Amino acid sequence: MAVVKKTKVDAASEALWESPSEANWKAMQKALKGSGIEYYKIVFANEGKLSKMQDLTKSFAELYDGRYKLVTKIPIFMRAGKKMRGATIYLVGLQVYNR
Amino acid sequence: MYTDDAMIVKNIALLGHKDHGKSTLIGSMLMQTGAATQVRINEAKEYSRQLKKNFEPAFILDSFAEERTGEMTIDTTRAEIKFKDMAFALIDVPGHEELIKNMISGASYGDIALLIVSAKKDEGIRDQTKRHLFIARMLGIESLVVAVNKMDLIGYDEGKFQEIRDGLAEFITKIGFERASVSFVPISAYNGENLVKRSLNMKWYKGRPLIETLYAYAKREGRKQADALRIVTQGAIPSAKGELVVGRIVNGTVKTGEKVSVLPAGEAAVVKEITVKGSKVKKAVFGENVALRLDRKVIAELRGAVISSASSKPVVSDLIRAKILVTGKIRKDSVIKFNGVDISCKNVKVLNGISTTTGERNSSKTAKLLEAVDAEVRLARKIPIEGYDVTRELGRFVLYSGKKFAGIGIIRE
Amino acid sequence: MIKQDLKTLEEKSIFVIREAKLKFNNVAALWSMGKDSTTMLALTRKAFLGKIPFPVIHIDNSIDFPETYKFRQDLAKKWKLDLIVADSEIRPDLIGSACCGKNKPDTLKKVMDQYGFDALIVSIRRDEHGIRSKERYMSPRDKNFKWDYKNQPAELWDDYSSKLDAKGHVRVHPLLDWNEIDIWRYVKQEKVPTNPLYFSRNGYRYRSLGCTHCTVPLKSNAKNVDQIINELAVTKDEERSGRSMDKEREYVMQKLRSLGYM
């Protein structure tokens with residue numbers, strides 16, 4: 001059985017799920033560079049109906065490589081102190097999956 | 001030059017009493033010319049169903065729920081249709097009297113007036129219908145098409161159609177429309193008859209369907225432009241080499257090296273540089289927004305000033321003679337709005353009244369609501385003026401009393 | 001869709017934009033990074049010798065498309081924009097359809113108060129939706145942002161509205177007369193920078209851009225501006241059909257709210 005080596009993106013993704021802090025988002029931004037990830041798809045929880053705060057925490061972005069192969073799933077929000085906000089700006093450079 | 005199949009859009013000011021079918025007409029025209037999207041048609045069907053009514057073409061146009069239920073148009077709306085190589089923007093204006101300012105706002109953009117008159121018993125020509133025509137003519141609209149509507153409800157009776165035509169003819173001429181610029185078309189807006197296609201129910205009508213009639217007028221030559229340069233200024237903007245005067249050419253052309261006069265003060269200057277849309281040009285023409293570098297700094301206020309050819313200047317005066325349509329209370333201390341600036345009045349003296357429903361002048365010395373007057377207006381300062389026929393921007397103003405819209409004025413020679 | 005004379009449209013818009021700057025003391029413009037508000041900025045550069053002489057505001061709900069954020073960064077730098085990014089907070093009671101309807105206007109109101117803007121340039125077009133056909137080039141809003149559409153001031157002969165009260169402001173609409181297809185023709189003519197999301201990839205493109213939550217792509221093979229113009233010349237669909245509201249009616253109600261009608 002082949003050993004699957006954990007990539008930088010995997011590590012950054014795990015950290016984000018643990019704590020979507022600004023530092024972890026910046027780390028993700030760095031990890032995305034040169035990772036081969038080219039596309040994102042945002043999946044909103046609760047059948048796309050953002051009706052409460054928790055829905056955003058359960059929503060996520062799927063990241064795909066250049067051949068549209070799913071690589072990982074990451075959150076789309078961040079916490080800065082007590083404030084919570086979206087974090088799609090950290091995905092700048094990627095293109096929408098679009099199908 | 002950029003060439004694709006762009007169309008000239010002519011604005012059609014749609015006039016007439018409420019319930020005489022303006023919105024229905026627009027709805028039907030949109031459907032017959034294929035301009036209404038399926039979404040709009042479905043939406044209109046849905047609303048008709050919710051209100052438990054038969055399909056109402058008018059609902060394609062009106063978009064506020066309260067208009068749908070009240071079946072009345074509150075404010076100016078606009079719908080575009082294509083015909084041959086032209087496009088028409090139908091500007092629907094509210095019919096009821098208290099919203100006359102909305103009617104005027106809409107009609108002020110009109111190139112052609114389209115009046116709807118219901119032929120139904122007890123509807124016919126109203127005072128308000130005539131007033132709308134009076135206002136349209138006063139605003140400078142020269143062509144008029146009268147659509148005699150609801151012919152389906154009166155058995156397509158030619159006699160009734162002629163009765164309405166004869167009833168309006170004298171008034172229309174009296175308020176200044178040329179006979180050759182007025183047409184009457186019998187229609188049914190609800191059934192869509194004589195709008196785009198000739199109606200088989202009115203074979204006695206030998207003229208063109210409505211849209212062809214509008215098209216013929218739209219194809220006529222527009223108003224001739226006067227030659228002498230007039231630029232209404234909006235103000236000054238900074239540039240690396242000092243202040244530039246910005247404004248719009250409302251008559252004539254401007255060239256570099258041209259001697260001009262900045263009015264009302266009458267300061268003389270020479271045009272050193274002309275910028276249009278960011279590019280330097282030697283010459284700019286009617287309709288263009290320019291930024292001018294003059295050979296000296298102008299001392300006068302540059303908002304609402306006029307840059308005129310030095311050799312042919314408009315009159316500068318603090319006394320103006322004007323025809324005024326009264327839409328509110330005109331007071332001694334009313335204010336006129338003239339090319340973006342407010343100028344206080346010192347006195348407004350009514351010379352005589354003009355009935356907006358007969359076109360007749362009368363001896364009234366008071367400004368009655370929704371009637372017109374010839375008046376002398378004394379202003380707190382001088383302004384450059386010209387007859388409305390010569391330079392529209394220098395021959396018209398809006399009157400306010402405090403914050404209330406009180407009237408519109410047309411300056412005569 | 002009717003193609004209008006671009007020169008006429010352009011002159012009218014330049015006149016209105018200059019009027020906004022020279023009539024009011026403190027004007028700002030809303031910029032969503034979409035085709036309309038970017039075209040408005042291109043027109044502003046034409047009006048003011050290549051400069052944009054007022055701040056541009058982006059109401060940012062923090063879940064916009066990454067492509068849109070990228071576009072914002074690049075153009076702000078290229079055109080030296082005085083960009084105000086106003087964070088639109090995500091609150092549990094204001095997510096979903098209440099988002100555009102209540103959340104964004106709330107944020108806008110805060111920014112307007114903070115900077116004391118008395119006029120706001122908004123790039124709406126009459127052909128977007130029936131409701132908007134009632135707008136004027138300049139339309140006053142009171143201090144609560146309400147639009148008294150039933151009792152609008154007269155607007156004729158380039159005499160435009162002033163503010164209604166000290167805390168109110170005037171909305172300025174320089175693109176009111178433009179149709180969607182005219183915007184694209186102008187984008188082509190003037191090489192106006194555009195958000196890449198408008199162009200088709202894998203058979204889909206975005207026709208109207210909101211945030212990632214409320215925008216869905218439509219089937220289209222239009223990969224460049226020319227192809228978009230050709231597509232629009234024959235389409236019967238409405239521009240907003242790509243916004244994911246359940247029904248057109250819901251959209252109408254929401255829009256009414258967001259425009260401050262209700």
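Residues numbered from 1 in each chain as written. Chains lettered and ligands numbered in written order. Predicted model: local features only at pLDDT ≥ 70, side-chain atom pairs only at ≥ 80, totals over all residues. Heavy atoms only, no water.

A.B. asks: How should I be thinking about the overall build of chain C in this particular structure?
C.D. replies: Of the regular secondary structure elements, chain C holds seven helices and eight strands. Counting across all 262 residues of chain C, residues that qualify as buried make up 66%. (Helix = DSSP H or I, 4+ residues; strand = E, 2+ residues; numbered from the N terminus. Buried < 20%, exposed > 50% of the residue type's maximum accessible area, 1.4 Å probe, protein only.)

A.B. asks: Can you walk me through helix α1 (residues 8-18) of chain A in this structure?
C.D. replies: Since there are 3.6 residues in each turn of an α-helix, residues three or four apart along the chain are aligned in direction. Residue and element names in this part refer to chain A. Residues Val9, Ala12, Ser13 and Leu16 constitute the buried set of α1. Looking straight down α1, one finds its buried side chains confined to an arc of 100°; they lie on one side. Those residues of α1 that are buried lie in contact with α2 (22-32), β1 (37-43) and β3 (70-75). (Arc of directions from axis to C-beta. Contact = heavy atoms within 4.5 Å.)

A.B. asks: Just to check I follow, could you spell out the nonpolar core for this structure?
C.D. replies: When a protein is soluble and globular, its nonpolar side chains tend to lie buried together. Within the largest apolar cluster, 96 residues are counted, with the highest numbers of intra-cluster contacts made by Trp25 of chain A together with Ile57, Val172 and Trp184 of chain C. Here the element with the most residues in this core is helix α1 (residues 6-23) of chain C; it accounts for seven residues. In contact with Trp25 of chain A, not counting residues within four places along its chain, are Leu16, Pro20, Ile74, Pro75, Ile76, Phe77, Met78, Ala87, Tyr90 and Leu91 of chain A. Judged by nonpolar contacts, the second largest core, of 46 residues, contains Ala113, Ile135, Leu144 and Phe184 of chain B. (Core = buried A, V, L, I, M, F, W, Y, C linked by side-chain atoms within 4.5 Å.)

A.B. asks: Explanation requested: unusual backbone geometry in the structure shown.
C.D. replies: Most peptide bonds take the trans configuration, and most residues that are not glycine carry a negative phi. Residue Pro264 of chain B follows Leu263 of chain B across a cis peptide bond; omega there is 15°. Relative to the helices and strands, Pro264 of chain B is located in the loop between β10 (259-263) and β11 (267-276). Backbone geometry places Tyr68 of chain A, a non-glycine residue, at a positive phi of 60°. Mapped onto the fold, Tyr68 of chain A is located in the loop between β2 (60-65) and β3.

A.B. asks: Help me understand the sheet that holds strand β6 (residues 95-96) of chain A, please; the structure alone is not making it clear to me.
C.D. replies: Consider a sheet: its strands pair through backbone hydrogen bonds, and that pairing is either parallel or antiparallel. Residue and element names in this part refer to chain A. In space, the four strands of this open sheet follow the order β3-β2-β1-β6, with mixed pairing throughout. The open sheet terminates on both sides in strands that have one partner only, identified here as β3 and β6. With two bridges connecting them, β1 and β6 associate as parallel partners. Pairing of Tyr40 across the sheet is with Val96, part of β6. Where α1 meets the sheet, its contacts fall on β1, β2 and β3, and the angle it forms with β3 comes to roughly 25°. (Pairing = 2+ DSSP bridges. Axes fitted to C-alpha atoms, helices over the stretch in contact; angles between N-to-C directions.)

A.B. asks: How should the sheet that holds strand β6 (residues 169-172) of chain C be read in this particular structure?
C.D. replies: Residues and elements named next belong to chain C. Ordered by their spatial adjacency, six strands build an open sheet running β3-β2-β1-β4-β6-β5, and the pairing between neighbours is mixed. Of all strands in the sheet, those bounded by a partner on one side alone are β3 (83-87) and β5 (138-141). The mean angle between the axes of side-by-side strands here comes to 30°, regardless of whether they run parallel or antiparallel. By the bridge criterion, three bridges tie strand β4 (residues 119-121) to β6 in an arrangement that is parallel.

A.B. asks: Can you help me understand helix α2 (residues 35-47) of chain C in this one?
C.D. replies: Residue and element names in this part refer to chain C. Given a rise of 1.5 Å per residue, 13 residues ought to cover 18 Å, and the 18 Å separating the end C-alpha atoms of α2 matches this to within 8%. Of all the 13 residues making up α2, twelve are buried; the element is thus mostly covered by neighbouring parts of the structure. Trailing α2 by a residue or two, Leu49 shows a phi angle of about 50°, which is positive. (Expected span 1.5 Å × (residues − 1).)

A.B. asks: I keep staring at the packing of α1 of chain A against α2 of chain A and nothing clicks. Help me out?
C.D. replies: Residue and element names in this part refer to chain A. Across the interface, α1 lies against α2 with an axial gap of 9 Å and an inter-helix angle of 160°. Judged on the interaxial angle alone, α2 and α1 are roughly antiparallel. In this structure, the crossing between α1 and α2 has a hand that is left-handed. Each of Lys8, Val9, Ala12, Ser13, Ala15 and Leu16 in α1 lies in contact with α2, whose residues at this interface are Asn24, Trp25, Ala27, Met28, Ala31 and Leu32. Counted by class, the contact of α1 with α2 contains nine nonpolar, two polar and one charged residues. (Parallel < 35°, antiparallel > 145°, perpendicular 65-115°, else oblique. Left-handed = near helix turned anticlockwise from the far one by under 90°. Nonpolar A, V, L, I, M, F, W, Y, C, P; charged D, E, K, R; others polar.)

A.B. asks: Quick question: what am I supposed to make of the pattern of salt bridges here?
C.D. replies: Where charged atoms from two side chains of opposite charge come close, those side chains can pair. Taken as a whole and assessed by the stated rule, the structure comprises 38 salt bridges over all chains. The partner of Glu212 of chain B in a salt bridge is Lys84 of chain B, and the shortest N-O contact between them spans 3.4 Å. Of this pair, Glu212 of chain B sits in helix α7 (residues 210-218) while Lys84 of chain B sits in the loop between β2 (77-83) and β3 (86-92), placing them 128 residues apart in sequence. Here the salt bridges do not stand alone but share partners, grouping Lys277 and Glu288 of chain B together with Lys7, Glu10 and Glu11 of chain C into one network. (Salt bridge = Lys/Arg side-chain N within 4 Å of Asp/Glu carboxyl O.)

A.B. asks: Help me understand the packing of aromatic side chains, please; the structure alone is not making it clear to me.
C.D. replies: Any two aromatic rings considered together are summarised by their centre-to-centre distance and by the angle between their planes. For the coordinates displayed, the defined rule picks out 15 aromatic pairs over all chains. Both rings, one in Tyr39 of chain A and one in Tyr68 of chain A, keep their centres 4.4 Å apart while their planes meet at 10°; by these two values the pair is stacked. Highlighted residues: Tyr39 of chain A in strand β1 and Tyr68 of chain A in the loop between β2 and β3, separated in sequence by 29 residues. A relative accessible area of 18% means that Tyr68 of chain A is categorised as buried. Between Phe83 of chain B and Tyr215 of chain B, the ring centres sit 5.6 Å apart and the planes meet at 80°, which makes this aromatic pair edge-to-face. With Phe83 of chain B in strand β2 and Tyr215 of chain B in helix α7, this pair connects stretches of sequence that are 132 residues apart. Relative accessible area serves as the criterion here: at 12%, Phe83 of chain B is assigned to the buried category. Connected via pairs of aromatic rings, a cluster forms that spans Tyr39, Tyr64, Tyr68 and Tyr97 of chain A. Looking at Lys130 of chain B, its charged tip hangs above the ring of Phe171 of chain B, at a distance of 5.4 Å from the centre. Positioned above the aromatic ring of Tyr400 of chain B is the side chain of Lys337 of chain B, whose terminal nitrogen or guanidinium carbon lies 5.2 Å from the ring centre. (Phe/Tyr/Trp six-rings, centres within 6.5 Å; stacked < 30°, edge-to-face > 60°. Lys NZ or Arg CZ within 6 Å of the ring centre and 35° of its normal.)

A.B. asks: Looking at this model, I keep getting lost on the pairing of strand β18 (residues 341-354) of chain B. Mind explaining?
C.D. replies: Residues in a regular strand point their side chains to alternate faces of the sheet. Residue and element names in this part refer to chain B. Note that strand β17 (residues 335-338) and β18 share four bridges and pair antiparallel. Considered in β18, the bridge of Lys337 is made with Asp342. The turn linking β17 back onto β18 is made up of two residues, and Asn339 within it adopts a positive phi angle of 50°. Relative to strand β20 (residues 372-385), β18 runs antiparallel, the two being bridged by eight bridges. Paired with Cys345 across the strands is Leu379, a residue of β20. Connecting the antiparallel pair β18 and strand β19 (residues 361-362) is a turn made up of six residues, with Gly359 showing a positive phi of about 80°.

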